[in-house]
Amino acid sequence: MNYCDVLNIVNGKLMCGSIKKQIKNIQIDSRKVKRNDLFIALIGKNHDSHNYIKQVLKHKPSCIIVCKKIDIKTKVPIILVEDTNDSLIKLGTFFKNKYNVPVVAITGSIGKTTTKELINDILSKKYKVLKSEKNYNNHIGIPLTLFKLNKSYDICVLEMGMNHLKEISVLSKMARPDVGVITNIGSAHIGNLGNQKNIFKAKMEIVDGMDDGLLIVNGKDKYLKKVKYFNTFKCGIDLCPYNIKINDKVSFDLIINNKNYHFIYNSNNISLIMNFVLAIKVGLLFNINVEDIKEVVKNYQMPKERMNVYVKNNIKIINDCYNASYESVIAILDVLKCEKNEKIVILGDILELGKHSKTIHKKIGKKLKQLKNSTILLVGSEVKYIKGKHYKYFNSNKELIDYLKKINLNSKTILIKGSRNMHLEEVDNFLKI
């Protein structure tokens, strides 16, 4: 692919330049541009990549896409478009259509990343899989993943996130999933979407690009069990876990092809069970041997900052601070009930709740009161809706850390939970020292 191909794909206008070089990679970060890369100048909330065009040119890219007129004389082709974000999506669509490997797309309010990683690990037993890395689950991250497609890949596994209506629809139409997976419908982003019915509507946009693909949903969810999409498999109904047991791990049985199979996963968080069943169903759909699936489930380790449990200096730390919603907080507090040690609960704000914030935080407060032998430490502004006689409140992570330095943490179990923008990994980092 060279700049002429790009010109046609993005429907742009050539401003200057004429050197016809093959494009090596596509970059959106000016610091990562190398010789013969295509650079797309995006405009974000806090930065405008057009300000770095001169620096990019020093690395001799093959082509640059902009949405502002640039007064620079160069032989490097610069293509003007109306919207560089839209060009990113058009190029992502081009790569998907070019290689056309089967796509499994995962969305949901909670557990998207866990389910994505499980599905990747299961499918990797038989296939070469391209998966979306980190939190690359939006209109920027998904094209960046699709750009990596080539003939060597058998399957692509993508996580799709959103915080407004119509976002997943765009992603689905770009990636055209053969299999869509929805984990659940919770309250995450309810401040933007207004209510759970709209959250359900937004998650169901995953079918917009699916043609005749299979939709696999959590049939235990009160919204998803009512899905009427013509080609739907409902885990928990069509593939139902039973004989569920909880100790330090969770075990359950499934009937697969009229035969009973016993599964164990390495966590005592029972709320994860449907994530595992969804991933198992995807594995079966792609003809992965059941024994191989069992092995993956048994050995699976949670992604970073998601239910990571470790012991440091006789202190047990449960780091679940990657993000938070009402449902995920309730689930982790249920796990904490099983802990015999004295407990310290560090809880930060749940964000993006809008007018629902007061109500939801108060509901969490009722759950906290059920915890025995616990110290409750709350950081942020929204958690002040949680009322408790002996609860301690902090305005910042620094205030909280200063307090932790003064108290005895020995033989305690410490939970760290809060929304991503609360940056509670700072507390976890302190405890690791």
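For the structure itself, look to the data block above.
All figures in this text were calculated on a predicted structure; none of them were measured in a lab. (Residues numbered from 1 in each chain as written. Predicted model: local features only at pLDDT ≥ 70, side-chain atom pairs only at ≥ 80, totals over all residues. Heavy atoms only, no water.)

A. Highlighting the packing of helix α9 (residues 273-285) against helix α10 (residues 290-299). With their axes 10 Å apart at the nearest point, α9 and α10 run at an angle of 150 degrees to one another. The angle between α9 and α10 places the two elements in the roughly antiparallel class. Between α9 and α10 lies a crossing whose hand is right-handed. Touching Phe-276, Ile-280, Gly-283 and Leu-284 of α9 are Val-290, Ile-293 and Val-297, all from α10. (Axes fitted to C-alpha atoms, helices over the stretch in contact; angles between N-to-C directions. Helix = DSSP H or I, 4+ residues; strand = E, 2+ residues; numbered from the N terminus. Parallel < 35°, antiparallel > 145°, perpendicular 65-115°, else oblique. Left-handed = near helix turned anticlockwise from the far one by under 90°. Contact = heavy atoms within 4.5 Å.)

B. Looking closely at the pattern of salt bridges. Inspection of the entire model under this criterion finds 17 salt bridges. Note that Lys-417 and Asp-320 form a salt bridge whose closest N and O atoms lie 2.9 Å from each other. Of the two residues, Lys-417 sits in strand β20 (residues 412-417) while Asp-320 sits in strand β16 (residues 315-320), which places them 97 residues apart along the sequence. The residues Lys-417 and Asp-320 share a single accessibility class, namely buried. (Salt bridge = Lys/Arg side-chain N within 4 Å of Asp/Glu carboxyl O. Buried < 20%, exposed > 50% of the residue type's maximum accessible area, 1.4 Å probe, protein only.)

C. Main features of the layout of surface pockets. By volume, the second largest pocket amounts to about 300 Å³. At the level of secondary structure, the elements contributing two or more residues to the lining of the second largest pocket comprise β15 (308-312) and β16. Residue composition of the lining of the second largest pocket, grouped by class: seven nonpolar, five polar and three charged. (1 Å grid on protein atoms, 1.4 Å probe; cavity = no way out; pocket = protein on both sides within 12 Å on 5 of 7 lines; lining within 4 Å. Points joined across faces, edges and corners; volume = space filled by probe spheres on them. Nonpolar A, V, L, I, M, F, W, Y, C, P; charged D, E, K, R; others polar.)

D. View of the pairing of strand β17 (residues 342-348). Burial analysis of β17 places six of its seven residues in the buried class, which makes it a mostly covered element. The pairing of β17 with β20 spans six bridges and is parallel. The residue of β20 that forms the bridge with Ile-346 is Ile-416. With respect to chirality, the unit in which β17 leads through helix α12 (residues 357-368) into the neighbouring parallel strand β18 (residues 374-379) is right-handed. (Pairing = 2+ DSSP bridges. Right-handed = clockwise from strand over helix to strand, strands pointing away.)

E. Broad picture of the sheet that holds strand β5 (residues 78-80). On the basis of which strands lie adjacent, the open sheet formed by five strands has the order β1-β5-β4-β3-β2 and mixed pairing. Edge positions in the sheet fall to β1 (13-16) and β2 (26-27), since each has one partner strand and no second. As judged from the three bridges shared by β1 and β5, these two strands associate in the antiparallel manner. Each residue of the ladder has a partner; that of Leu-14, found in β5, is Ile-79. Those strands touched by helix α1 (residues 3-10) are β1, β3 (38-40), β4 (63-66) and β5, and its axis lies near 10 degrees from that of β5.

F. View of the pairing of β4. Covered by surrounding structure in β4 are Cys-63 and Ile-65 together with Ile-64 and Val-66, the residues of both alternating faces. Sheet topology places β3 next to β4; three bridges connect them, and they run parallel. Bridge assignment links Ile-40 to a residue of β4, and that residue is Ile-65. By the bridge criterion, three bridges tie β4 to β5 in an arrangement that is parallel. From the neighbouring strand, Ile-64 faces β5, where its bridge partner is Ile-78.

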